[in-house]
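Letter by letter, the chains look like this.
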Amino acid sequence: MELQGKNIVLGVTGGIAAYKAAELVRLLLGQGAAVQVAMTEAATHFVTPVTFQALSGKPVFTDQWDSRVANNMAHIDLSRTADALLVAPASADFLAKVAHGLADDLLTALVLARNCPLLVAPAMNRQMWDNPATARNLATLRGDGVSVLGPASGGQACGETGLGRMLEAEEIVAELIAFFQPKLLAGKRVLLTAGPTFEAVDPVRGITNLSSGKMGYAIARAAREAGADVTLVSGPVDLASPPGVERIRVSSALQMRDAVQQHVAHCDVFVAVAAVADYRPANPSPQKIKKGQQAKPPAIELVQNPDILAEVAALPNPPLCVGFAAESENLHEYAESKRRSKKIPLIVGNLIHHGFGGDDNTLTLFDDKGRHPLPPAPKLELARQIVARIAILLEKP
Ligand code: CTP
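Conventions we followed
- Residues numbered from 1 in each chain as written.
- Predicted model: local features only at pLDDT ≥ 70, side-chain atom pairs only at ≥ 80, totals over all residues.
- Heavy atoms only, no water.
- Pairing = 2+ DSSP bridges.
- Helix = DSSP H or I, 4+ residues; strand = E, 2+ residues; numbered from the N terminus.
- Contact = heavy atoms within 4.5 Å.
- Axes fitted to C-alpha atoms, helices over the stretch in contact; angles between N-to-C directions.
- Near = heavy atom within 4 Å.
- Nonpolar A, V, L, I, M, F, W, Y, C, P; charged D, E, K, R; others polar.
- Expected span 1.5 Å × (residues − 1).
- Buried < 20%, exposed > 50% of the residue type's maximum accessible area, 1.4 Å probe, protein only.
- Polar contact = N/O pair within 3.5 Å; in protein donor to acceptor, adjacent residues only side chain to side chain.
- Phe/Tyr/Trp six-rings, centres within 6.5 Å; stacked < 30°, edge-to-face > 60°.
- Lys NZ or Arg CZ within 6 Å of the ring centre and 35° of its normal.

(A) Representation of the sheet that holds strand β4 (residues 118–122) in the model. An order of β2-β1-β3-β4-β5 is seen for the 5 strands of this open sheet, with the pairing classed as parallel. The open sheet has two edge strands with one neighbour each: β2 (34–39) and β5 (147–148). Pairing between strand β3 (residues 84–90) and β4: 4 bridges, direction parallel. Across the sheet, Leu-86 pairs through a bridge with Leu-119, a residue of β4. Along the sheet, helix α8 (residues 169–179) contacts β1 (7–12), β3, β4 and β5; its crossing angle with β3, the most-contacted strand, is approximately 155 degrees.

(B) Representation of the site of the ligand within the structure. As a structural note, the neighbourhood of the ligand is formed by 13 residues, with Ala-272, Ala-274, Pro-306, Leu-309 and Phe-324 the closest of them. Listed by contribution, the elements that provide at least two residues to the shell around the ligand are α11 (308–313), β16 (320–327) and α12 (331–342). Here the shell around the ligand is built from residues that sort into 8 nonpolar, 1 polar and 4 charged.

(C) Structural detail: helix α1 (residues 18–30). Counted at 1.5 Å a residue, the expected span for α1 with its 13 residues is 18 Å, and the 19 Å between its end C-alpha atoms agrees. Buried within α1 we find Ala-18, Lys-20, Ala-21, Ala-22, Leu-24, Val-25 and Leu-28. In the core, the buried residues of α1 are packed alongside β1, β2, α2 (49–56), β3, β7 (161–165) and α8. Just beyond α1, the residue with positive phi is Gly-32, at close to 95 degrees.

(D) Representation of the side chain of Thr-134 within the structure. Counting through the fold element by element, Thr-134 comes out in helix α7 (residues 132–143). A distance of 2.7 Å separates a polar side-chain atom of Thr-134 from the backbone oxygen of Met-128. Among residues more than four places away in sequence, those in contact with Thr-134 are Met-124, Met-128 and Trp-129.

(E) Layout of the packing of aromatic side chains. Applying the stated criterion across every chain yields a total of 1 aromatic pair. Ring geometry for Phe-179 against Phe-180: centres 5.5 Å apart, planes inclined by 80 degrees, an arrangement best described as edge-to-face. Judged by its relative accessible area of 27%, Phe-179 is partly exposed. Look at Phe-180 and you get partly exposed, because its relative accessible area is 24%. Above the face of the Phe-180 ring, Lys-6 is positioned so that its terminal group lies 4.6 Å from the ring centre.

Structural data, given as structure tokens:
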């Protein structure tokens, strides 16, 4: 329920992606938002107002001259209680009109008369998107403070392939949720590690651990929502990349360390969430190890992996370093001693009660000022609190 209590006016303009707006209404309601739909006349040729009325539970507005509104000023009334005006899909024609301040139908009049933020999710043919006129209009809109969501690249309804596809409904909802978060890390660059590492024994076997990657991915998402430029170095996990985050996939600890070293320059913050294998096989076999070919079961000799977090913290000009300590006992003592030995300002302690991989967590933050237990909460909520703490430490180290 990330949009609980938010009033969203959803504008729908004429384009084949209008069918995705129906799903968008459902997802917005599912996050607790109230949704009021306003359609252009062109949009009604793609999806009928009845569809949106049934989904949103509210009459749909399509016309400036709507006698249902007592004062006949729907263009004013609709935006006054709205927290945001979201237009999805936003056609090239609609964007051109808004860029020029035209107001010749209900939706454009509503946009011009609004007193709330405007977000648009463009959808159009790739040539229309590439047209310099569209680029000019988008630049004007961005300059006017309009948030432009997408578009994505891919196959289009016309059979062509390129930029101009509307974002998927889930992506638009994620962007809207992010929009409402405070921009505590605006302009900052954040590098993270997440997930387990996989240390090969032979081409088909290896040593790994049960880290799901969820906590690291949640912090990457929260940092992005807070306005940071985020790079996520991820071990093998089965999770989608958070929107707007650059993800670099790696497998072993050595690959993770290489990727971190390549991206750590100019970073303001490094958050090491990955459960890096402490040891790797010294001599992984180039061929699959066959059973029964040796007299004894094979022994795997291990060598220690580099401590990626400690290496970053030891750089001449290190970013603000944040570590994690997952412990099954003595959390306070172990977390604090890791913080000191790795020489990092903040460590997030996690007392493992129920194993790895859940959606909720119980965390305690340890920094110079002592320990700060966080109430049990979903990982994204905890991630936002960690981001808030990082923002404070960046201001007053
Ligand atoms: N870390 C790292 N590189 C490693 C090992 C750990 O960057 N090779 C980071 C983790 O991402 C985490 C923190 O260091 O932020 C965990 O510290 P560590 O002492 O390595 O934890 P454990 O491996 O759990 O240590 P122990 O087995 O002693 O509890």
